[in-house]
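Architecture at a glance
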Amino acid sequence: MCRATSMATTLAVAVATTAVGCMLVISLAPSRPDTGKSGPAAGRAMAATAGHAGSAARAATSALGAPAASADPEEFASPATGRIEVTAPEPGVDYKANGSFAVTWNNSTGEEVDVWLRTATGQGRSERVALVATKAGAGRAGEALVTLPRVPPGKRYFLEVATADGAVSGFSRTFAITN
């Protein structure tokens, strides 16, 4: 029993959970009843509690005694900053499913953008319906020709112009799609 207690008191467990842009690393170290102190055994490192998703994996493995993996430079790239303003299509224009039209925007992020067709689902919410233009340029002023997919007719469609990581987005005004 003493050996089992000793082993349990020196065990550190790290749990890493990644969710849409969020990370949580928890270090659990049982108390040491023989010394009256709590925490990891002397000489053992605790897991990191902040960082990118890659650091969570490294923290989990280092807390368990495994060597840390090397970092991918893109993994630590800063998220896009700036603003995207969609300037066209104009409001009040109806478009046909499978029809094409131009979308324009101003982009101060310096990042390539994707263009998504979205639909309003009610109560201030919306969802992406289809990717209609990918890697549409990183210039300060952008334009892309988009072709709408076959979607049910409706008045609550709009476009989202967003950086690839989704950190910065701009939205057009709503428009209708007809048959």
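Residues numbered from 1 in each chain as written. Predicted model: local features only at pLDDT ≥ 70, side-chain atom pairs only at ≥ 80, totals over all residues. Heavy atoms only, no water.

**Observations regarding the overall build of the protein chain**
The cut-off we apply is this: For the purposes of this entry, the term helix denotes a DSSP run of H or I that reaches at least four residues, the term strand denotes a run of E that reaches at least two, and both are numbered from the N terminus. Three exposure classes are used, based on accessible area relative to the maximum for each residue type with a 1.4 Å probe and protein chains only: buried under 20%, partly exposed in between, and exposed over 50%. The criterion used for residue contact is that any of the two residues' heavy atoms lie within 4.5 Å.
Looking only at helices and strands, one finds two helices and 13 strands in the protein chain. Within the span of the protein chain, comprising 179 residues, buried residues form 31% of the whole. Expressed as a percentage of contacts within the protein chain between residues at least 6 apart in sequence, the contacts between residues at least 24 apart total 55%.

**Quick notes on the environment of leucine 148**
By secondary structure assignment, the location of leucine 148 is in the loop between strand E10 (141-147) and strand E11 (154-163). Given a relative accessible area of 1%, leucine 148 falls into the buried group. Residues leucine 148 and glycine 99, spaced 49 residues apart in sequence, show a C-alpha to C-alpha distance of 5.6 Å.

**Here we look at the sheet that holds strand E5 (residues 84-88)**
What counts is decided by this rule: A pair of strands counts as paired when DSSP detects no fewer than two bridges linking them. To get an axis, a line is fitted to the C-alpha atoms, and for a helix only the part in contact is used. The angle between two axes follows their N-to-C directions and goes from 0 to 180 degrees.
Overall, antiparallel pairing links the three strands, which are arranged E5-E7-E10 in an open sheet. Of all the strands in the sheet, the pair left with one neighbour each is E5 and E10. The average angle at which neighbouring strand axes cross in this sheet is 30°, direction not considered. Bridge count for strand E7 (residues 100-107) against E10 is seven bridges, and the pairing is antiparallel. Bridge pairing links serine 100 to threonine 147 in E10.

**Some thoughts on the pattern of salt bridges**
Pairing between side chains of opposite charge can happen when the charged atoms of each approach one another. Short version of the rule: Any carboxyl oxygen of Asp or Glu that lies within 4 Å of a side-chain nitrogen of Lys or Arg is treated as forming a salt bridge with it.
Applying the stated criterion across every chain, the model contains two salt bridges. Across the pair arginine 128 and glutamate 160 runs a salt bridge whose closest N-O atoms are separated by 2.9 Å. Of this pair, arginine 128 sits in strand E9 (residues 125-133) while glutamate 160 sits in strand E11, and the two are 32 residues apart along the sequence. One salt-bridge network, held together by shared partners, links Arg118, Arg128 and Glu160.

**So, the packing of aromatic side chains**
Here is the rule we go by: Ring geometry is summarised as follows: Phe, Tyr and Trp rings, the Trp one being its six-membered ring, pair when their centres sit within 6.5 Å, and such pairs are stacked at plane angles under 30 degrees, edge-to-face over 60 and tilted between the two.
Using the criterion set out here, one finds four aromatic pairs in the structure. Ring geometry for tyrosine 95 versus phenylalanine 101: centroids 3.9 Å apart, planes at 25°, classification stacked. Phenylalanine 101 matches tyrosine 95 in its accessibility class, with the two residues each being buried. Seen from their ring centres, tyrosine 95 and phenylalanine 175 are 5.3 Å apart, and the 85° between their planes marks the pair as edge-to-face. Of this pair, tyrosine 95 sits in strand E6 (residues 94-96) while phenylalanine 175 is found in strand E13 (residues 175-178), placing the two residues 80 residues apart along the sequence.

**A few points about the environment of phenylalanine 175**
Residue phenylalanine 175 is classed as buried on the basis of its relative accessible area of 2%. As for phenylalanine 175 and glycine 154, which are separated by 21 residues in sequence, their C-alpha atoms are 8.4 Å apart. Each residue touching phenylalanine 175, except ones within four places of it in the same chain, is listed here: Pro89, Val93, Tyr95, Phe101, Leu117, Gly154, Lys155, Arg156, Tyr157, Phe158 and Leu159.

**Describing the pairing of E7**
Residues in a regular strand point their side chains to alternate faces of the sheet. Burial of E7 is one-sided: the residues Phe101, Val103, Trp105 and Asn107 facing one way are buried, the residues Ser100, Ala102, Thr104 and Asn106 facing the other way are not. Relative to E7, E5 runs antiparallel, the two sharing four bridges. Within E7, the residue paired with valine 86 across the bridge is tryptophan 105.

**Overview of the pairing of E13**
Across three bridges, the pairing between E6 and E13 is parallel. Bridge pairing in E13 links aspartate 94 to alanine 176. Where E11 lies against E13, two bridges are found, and the strand directions are antiparallel. When the sheet's bridge partners are listed, glycine 154 is paired in E13 with isoleucine 177.

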